[in-house]
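Listed below, chain by chain, are the residues.
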Amino acid sequence: MASATKSLEQLRARVGDALFLKVAGPDGHAARDRIHLTPGPRWFVAGSPVRRVHADAATFVGGLRALLLQSLHPLAMAGVAGHSGFRGDPWGRLARTSTFLATTTFATADDAREMVDRVRAVHERVRGKAPDGRPYRASDPHLLSWVHAAEADSFLTAHQRYGERRLTPAEADEYVAQSGRVARALGAQDVPQTVAELAAVLESFRPELEATPAALDTAHFLLREPPLPRAVRPPYRLLAAGAVSLLPAWARDELQVDTWFARTCGGPAGALAVRGIRWGLGPAESRDRHGEPV
């Protein structure tokens, strides 16, 4: 019995480590130690809503939902298609995104500010014209507001459906306000401070949103041909179904992903995927045990 328990724990550790390195990149362990173990004040205290949400395995579903939702803004999608290299190096882009999220949420205030400044410098260089001829720039405060609103709504929606410990209404408002601090630091304007304001901001963007060919191609890439070994694709499909099921109905229609499986089985599939990820990575509380302000 003890041997079987030990073998299962070793398997869990191997699975968790492989998953972590896939998301965080080959330097993930060093980055994690630097983020969590460096002493100093943080933007957010341990146990705060933003840290609880971003430490939870439900962020895997929320992150995928955010990418799908964000793609519906033609100018934001043009910037991604023209500059991010997500097709050529999807895991590198994921590692950079996850490192940014972890640094601004859990690292020291100095490291968080340095990371934000670095990303702002990159945004200043990302500019061009969309296929319809409209100019775009990644530093546009309006586009930054869309990207933030879609991300905050996605992480919060996924957490409230699949999170280990859901937020109360007051805590959900606090999450929106806390995540908005990072958005404002990046240059976003009209950043919502409550769940109600977040819903209003998302609704205000509806006239600007549409599924361009680039958005449809991105949805196909993320959902139908992910850059994963065949053995890993079945559990990924569960996660993807969970993400699609959390999209608003109009967004599923626009992206042409409103399938029978997502509608009827997406919720249970997403829950199963998150439980599997949580089994590999461990509970959210154990991933937010370091980094308290000193």
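Now for a description of the structure that goes with this document. (Residues numbered from 1 in each chain as written. Predicted model: local features only at pLDDT ≥ 70, side-chain atom pairs only at ≥ 80, totals over all residues. Heavy atoms only, no water.)

Take the nonpolar core next. Val61, Leu64, Leu68, Trp146, Tyr175 and Leu255 are the most contacted members of the largest nonpolar core, which has 66 residues in total. At nine residues, the largest contribution of residues to this core is made by helix α8 (residues 141-162). (Core = buried A, V, L, I, M, F, W, Y, C linked by side-chain atoms within 4.5 Å. Buried < 20%, exposed > 50% of the residue type's maximum accessible area, 1.4 Å probe, protein only. Helix = DSSP H or I, 4+ residues; strand = E, 2+ residues; numbered from the N terminus.)

Turning next to helix α9 (residues 169-186). Here α9 spans 26 Å end to end across 18 residues, near enough to the 26 Å set by a 1.5 Å rise per residue. Buried within α9 we find Ala172, Tyr175, Val176, Gln178, Ser179, Gly180, Val182, Ala183, Ala185 and Leu186. Phi for Gly187, located one or two positions after α9, is positive at around 115 degrees. (Expected span 1.5 Å × (residues − 1).)

Let us look at the environment of Asp258. Considering the arrangement of structural elements, one finds Asp258 in the loop between α13 (249-255) and α14 (260-281). Remark: the alpha-carbon pair of Asp258 and Leu247, spanning eleven residues in sequence, is separated by 9.4 Å. Among residues more than four places away in sequence, those in contact with Asp258 are Arg252, Asp253 and Arg263. Engagement of the side chain of Asp258 in a polar contact is seen with the side chain of Arg252, the distance being 3.1 Å. (Contact = heavy atoms within 4.5 Å. Polar contact = N/O pair within 3.5 Å; in protein donor to acceptor, adjacent residues only side chain to side chain.)

A few words on the side chain of Thr105. Within the fold, Thr105 resides in helix α6 (residues 90-106). Of the polar contacts made by the side chain of Thr105, one reaches the side chain of His54; its length is 2.9 Å. Within the local environment of Thr105, its side chain forms a polar contact with the backbone oxygen of Leu101, the two atoms lying 2.7 Å apart. Ignoring any residue separated from it by four or fewer positions in sequence, one finds Thr105 in contact with Phe44, Val50, Arg51 and His54.

Considering all chains together, one arrives at ten salt bridges under this definition. Here Asp153 ties to Arg65 by a salt bridge, and the two come within 2.9 Å at their closest N and O atoms. Taken together, the positions of Asp153 in helix α8 and Arg65 in helix α4 (residues 59-70) put the pair 88 residues apart, joining distant regions of the chain. An identical accessibility class is assigned to Asp153 and Arg65; each is buried. In this structure, Arg127 engages Glu124 in a salt bridge whose closest nitrogen and oxygen atoms are separated by 3.6 Å. On the basis of relative accessibility, which here comes to 45%, the residue Arg127 falls in the partly exposed class. Classification of Glu124 as partly exposed rests on a relative accessible area of 42%. One network of salt bridges, with partners in common, ties together Asp56, Glu164 and Arg278. (Salt bridge = Lys/Arg side-chain N within 4 Å of Asp/Glu carboxyl O.)

What follows concerns the packing of aromatic side chains. Following the criterion strictly, the structure yields one aromatic pair and no others. Aromatic side chains Trp146 and Phe205 sit 5.3 Å apart centroid to centroid with 50 degrees between the ring planes, which places their arrangement in the tilted category. With Trp146 in helix α8 and Phe205 in the loop between α10 (195-204) and α11 (213-223), this pair connects stretches of sequence that are 59 residues apart. Of the two residues, Trp146 and Phe205, both sit in the buried class. A cation over an aromatic ring shows up here: Arg206 above the ring of Trp250, its NZ or CZ 4.2 Å from the ring centre. (Phe/Tyr/Trp six-rings, centres within 6.5 Å; stacked < 30°, edge-to-face > 60°. Lys NZ or Arg CZ within 6 Å of the ring centre and 35° of its normal.)

Residues spaced three or four apart along an α-helix face the same direction, because each turn holds 3.6 residues. For helix α12 (residues 233-246), with 14 residues, the first-to-last C-alpha span of 20 Å sits near the 20 Å given by 1.5 Å per residue. Of the residues making up α12, those classed as buried are Tyr236, Leu239, Ala240, Ala241, Gly242, Ala243, Val244, Ser245 and Leu246. Buried positions along α12 lie against α4, α8, α11, α13 and α14.

Let's shift gears to unusual backbone geometry. Here Asp190, not a glycine, exhibits a phi torsion of approximately 50 degrees, which is positive. Note that Asp190 resides in the loop between α9 and α10. In the Ramachandran plot, Gln256 falls in the positive-phi region, its phi being about 60 degrees despite a non-glycine side chain. On the secondary structure map, Gln256 appears in the loop between α13 and α14. In this structure Gln256 comes out as exposed when scored by relative accessible area, which is 61%.

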